[in-house]
Amino acid sequence: MPSRSLLPAFTAGVVAAGLSIFAAHAQAPAALTGQVSSVAEGPMEGVVVSAKRDGSTLTISVVSDKTGKFSFPASKLEPGRYSLAIRAVGYDLDGPKTADVAAGSTTAADVKLRPTRNLAKQLTNAEWLASFPGADTQKKALLNCIGCHDLDRIVTSTHDADEFVQVFDRMTGYYPGSTPQHPQRLIGDARRNLGAAAGVKAMADYLASINLSKDEVWDYPLKTLPRPVGRATRVVITEYDLPRKQIQPHDAIVDSDGMVWFTHFGEQFLGKLDPKTGRVFEYPLPVIKPGYPIGTLDLETDKAGNLWIAMMYQGGVAKFDKATEKFQTWKVPQQWQTDATQQAFLTPTNSHVDGKVWVKNSDRAQILRLDPATGEWENLGSFKDPSNNRTITSYGIPADHDNNLYLLDFSSSNIGKLDAKTGKLTVYRSPIANSRPRRGRVDEHNRLWFAEYAGNAIGMFDPKTEKIEEWVLPTPWAQPYDVVTDKNGEAWTGSMLSDRVSRLNPKTGEFVEYLLPKTTNIRRVFVDNSTSPMTFWVGSNHGASIVKVEPMD
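From a predicted model like this one, the values you see are computed outputs, not experimental measurements.

Visitor: Break down the pattern of salt bridges for me, citing the residues and quoting the values.
Guide: Enumeration according to the criterion identifies 32 salt bridges in this entry. Across the pair Asp100 and Arg81 runs a salt bridge whose closest N-O atoms are separated by 2.7 Å. One end of the pair, Asp100, is in strand β9 (residues 98-101); the other, Arg81, is in strand β7 (residues 80-87), with 19 residues separating them in the sequence. When its relative accessible area of 42% is taken as the criterion, Arg81 is described as partly exposed. The residue Asp553 makes a salt bridge to Arg231 at a minimum N-O spacing of 3.3 Å. Of the two residues, Asp553 is situated in the segment after β38 (545-551) and Arg231 in the loop between α7 (197-210) and β12 (235-241); the sequence distance between them amounts to 322 residues. When its relative accessible area of 31% is taken as the criterion, Asp553 is described as partly exposed. For Arg231, a relative accessible area of 24% puts it in the partly exposed group.

Visitor: Account for the nonpolar core, naming residues and giving values.
Guide: The nonpolar side chains of soluble globular proteins are, as a tendency, buried together. Within the largest apolar cluster, 52 residues are counted, with the highest numbers of intra-cluster contacts made by Phe132, Leu142, Leu151 and Leu207. At the level of elements, α3 (125-131), α5 (152-155), α6 (161-171), α7 and β25 (405-408) are the ones that each hand at least two residues to this core. A total of seven residues in this core trace back to one element, the largest contributor, which is α7. The contact partners of Leu142, leaving out residues within four places of it in the chain, are Leu129, Phe132, Leu151, Met203, Tyr206, Leu207 and Ile210. Membership of the second largest hydrophobic core comes to 28 residues, among which are Tyr240, Ile288, Leu299 and Leu307.

Visitor: Lay out the sheet that holds strand β28 (residues 437-442) with the relevant residues and their values.
Guide: Read across the open sheet, the four strands follow the order β28-β29-β30-β31; overall the sheet is antiparallel. Each end of this open sheet is capped by a strand with a single partner; those strands are β28 and β31 (467-472). The mean inter-strand angle of the sheet, taken between neighbouring strand axes irrespective of direction, is 25°. Of the strand pairs in this sheet, strand β30 (residues 457-462) and β31 are connected by six bridges, and their pairing is antiparallel. Considered in β31, the bridge of Asp462 is made with Lys467.

Visitor: Outline a positive patch on the surface, supporting the account with residue identities and numerical values.
Guide: On the surface, a cluster of positive charge is made up of Arg153, Arg170, Arg185 and Arg191. Note on placement: Arg153 falls in helix α5.

Visitor: I'd like a rundown of the environment of Arg185, residues and numbers included.
Guide: Here Arg185 is to be found in the loop between α6 and α7. Relative accessible area serves as the criterion here: at 42%, Arg185 is assigned to the partly exposed category. Along the sequence, Arg185 and Thr172 sit 13 residues apart, while their C-alpha atoms lie 9.2 Å from each other. Once residues lying within four places of it in the same chain are set aside, the contact partners of Arg185 are Arg170, Gly173, Tyr174 and Pro293. Within polar-contact distance, the side chain of Arg185 engages the backbone oxygen of Arg170 at 3.1 Å.

Visitor: Any chance you could break down unusual backbone geometry for me, citing the residues and the numbers?
Guide: The omega angle of the peptide bond from Ser532 to Pro533 is -5°, so this bond is cis rather than trans. Relative to the assigned elements, Pro533 resides in the loop between β36 (522-528) and β37 (535-540). For Asn434, which is not glycine, the phi dihedral falls at a positive 50°. Summarising the element assignment, Asn434 is placed in the loop between β27 (425-429) and β28. Owing to a relative accessible area of 53%, Asn434 belongs among the exposed residues under this scheme. Phi angles above zero are rare outside glycine, and Ala544 is one such case at about 50°. Checked against the element boundaries, Ala544 lands in the loop between β37 and β38. Residue classification places Ala544 among the buried residues on the basis of a relative accessible area of 3%.

Visitor: Explain the packing of aromatic side chains to me, and be specific about the residues and the numbers.
Guide: Considering all chains together, one arrives at 22 aromatic pairs under this definition. Aromatic pair Tyr240 and Trp537: ring centres 6.0 Å apart, planes at 20°, arrangement stacked. Remark: Trp537 occurs in strand β37 and Tyr240 occurs in strand β12; sequence separation between them is 297 residues. Ring centres of Tyr395 and Tyr481 lie 5.9 Å apart, and the angle between their planes is 85°; on these two criteria the pair is classed as edge-to-face. One end of the pair, Tyr395, is in the loop between β24 (376-379) and β25; the other, Tyr481, is in strand β32 (residues 480-485), with 86 residues separating them in the sequence. When sorted by exposure, Tyr395 lands in the same class as Tyr481, which is buried. Chaining the aromatic ring pairs together yields one cluster made of Phe345, Tyr395, Phe410, Tyr453 and Tyr481. Over the face of the ring belonging to Phe410 we find Arg436, whose NZ or CZ atom lies 3.9 Å from the ring centre. If you follow Arg438 out to its NZ or CZ, it ends over the ring of Tyr395, 4.3 Å from the centre.

Conventions adopted
Residues numbered from 1 in each chain as written. Predicted model: local features only at pLDDT ≥ 70, side-chain atom pairs only at ≥ 80, totals over all residues. Heavy atoms only, no water. Salt bridge = Lys/Arg side-chain N within 4 Å of Asp/Glu carboxyl O. Helix = DSSP H or I, 4+ residues; strand = E, 2+ residues; numbered from the N terminus. Buried < 20%, exposed > 50% of the residue type's maximum accessible area, 1.4 Å probe, protein only. Core = buried A, V, L, I, M, F, W, Y, C linked by side-chain atoms within 4.5 Å. Contact = heavy atoms within 4.5 Å. Pairing = 2+ DSSP bridges. Axes fitted to C-alpha atoms, helices over the stretch in contact; angles between N-to-C directions. Patch = residues over 30% accessible without salt bridge, like charges linked within 9 Å, V, L, I, M, F, W, Y side chains within 5 Å. Areas by Shrake-Rupley, 256 points an atom, 1.4 Å probe, with all protein chains shown as cover. Lys, Arg positive; Asp, Glu negative; His and termini not counted. Charge placed at Lys NZ, Arg CZ, Asp CG, Glu CD. Polar contact = N/O pair within 3.5 Å; in protein donor to acceptor, adjacent residues only side chain to side chain. Phe/Tyr/Trp six-rings, centres within 6.5 Å; stacked < 30°, edge-to-face > 60°. Lys NZ or Arg CZ within 6 Å of the ring centre and 35° of its normal.

In structure tokens, the structure reads:
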């Protein structure tokens with residue numbers, strides 16, 4: 001399948017900008033340095049300073065240290081004029097707003113900040129949730145809202161409770177990859193579940209109590225999170241703009257050649273970014289269910305390095321051969337197809353063990369199994385929690401080294417383990433009640449790492465001890481989406497709400513949290529272990545960009 005190259009190659013300077021940071025980086029020559037300060041605080045630690053060269057699609061960001069100093073490595077900025085931006089909640093940039101970088105020299109540009117006149121515009125979703133009055137149970141219901149838009153869309157609205165009920169009814173008919181700018185309607189009788197009518201009414205009443213339906217200003221104080229300090233300031237962040245604002249990079253992973261592959265949540269393409277040149281390619285995915293919403297979610301690899309894609313409401317899965325640049329697709333058998341058929345997740349990771357690829361059908365919470373060699377499908381049906389006979393609604397189906405399947409129950413705190421040979425399901429419960437586990441990875445020790453979305457925690461299940469260990473994130477309302485471990489045994493996750501990337505040392509329980517330069521709706525997380533130190537990658541699902549985080553240690 002031919003691809004479309006969407007960006008020209010950048011100059012050799014951008015090639016240099018894609019290089020990894022090494023431990024000796026602190027002594028490397030700087031292209032641009034300065035100090036961040038304000039009248040209120042003097043020198044300011046933890047301010048994200050961003051530089052974008054005129055005409056470029058790359059934005060490089062660093063963070064000021066405890067003396068307010070910031071420094072851009074010479075390897076990251078080629079000569080040219082750069083626009084400067086900052087992120088420090090409560091402040092705006094007062095000057096300068098540009099800087100000229102010349103080859104072989106260091107440009108000095110002190111950055112002055114002034115108090116912002118519009119704090120509400122700067123708040124993250126996590127800060128809005130911290131600001132809202134009410135019980136945590138009321139606030140947690142809003143965790144379902146930020147898949148398509150940020151919470152400021154709710155709090156700046158003037159809808160009363162009755163109008164919110166009408167909005168909810170309309171939203172149940174939208175495809176999950178919809179955004180306010182690019183909505184897609186579901187087909188036929190397919191609808192997204194909002195729960196019982198009483199709960200819907202209670203949520204409508206609550207939203208009408210925290211928005212602007214009764215007054216022109218909010219009647220509660222706006223709370224902010226602290227800026228990064230210490231190790232959290234020792235990082236370089238690179239953001240690669242994608243060529244269209246409509247692109248939603250849901251899952252982003254790096255292959256052995258250093259190419260970044262990503263799924264489009266709202267379009268029928270597989271994307272590829274070459275970080276060395278900045279070129280972006282799109283490979284058109286076949287439409288196998290015409291007339292139904294387009295867009296893909298889960299992106300996985302098999303042992304041979306082929307890319308596998310969950311095709312959502314197209315009702316099937318696809319494999320992409322990088323050598324031939326061709327797709328092969330498998331459609332769910334017609335007898336199991338409905339308007340609501342949805343393949344959000346698949347697991348080919350250990351399919352070499354028995355030749356089977358696991359596939360999730362969100363319609364009726366079915367677990368399917370595909371034999372790619374024969375094209376035959378099995379439908380194992382849905383599974384029940386033996387303690388209450390409630391259907392397990394998994395959000396993520398990672399497989400262990402023997403291709404046994406884990407079901408991460410997004411409606412409870414359950415982790416189900418399905419034996420591939422016997423079909424027996426064993427259910428384990430995390431200590432945090434109603435933690436809503438999701439996504440996750442199996443590490444080299446065959447342990448399952450997963451995000452606890454409603455528990456604001458990282459979880460790890462060890463099949464040898466059959467115990468679950470948990471680490472609560474230090475930032476409230478971070479609500480992680482996914483977890484991956486690196487070659488040193490540290491666990492990484494990202495937040496859909498706080499715009500922070502969290503790094504956990506499980507041996508000490510220490511977290512380091514890196515603040516990203518912009519609002520970043522993080523989904524799948526990935527660590528590239530081929531660099532030293534390792535590099536963290538994620539798609540900005542609502543920002544049409546790919547983000548690389550390079551810690552200095």
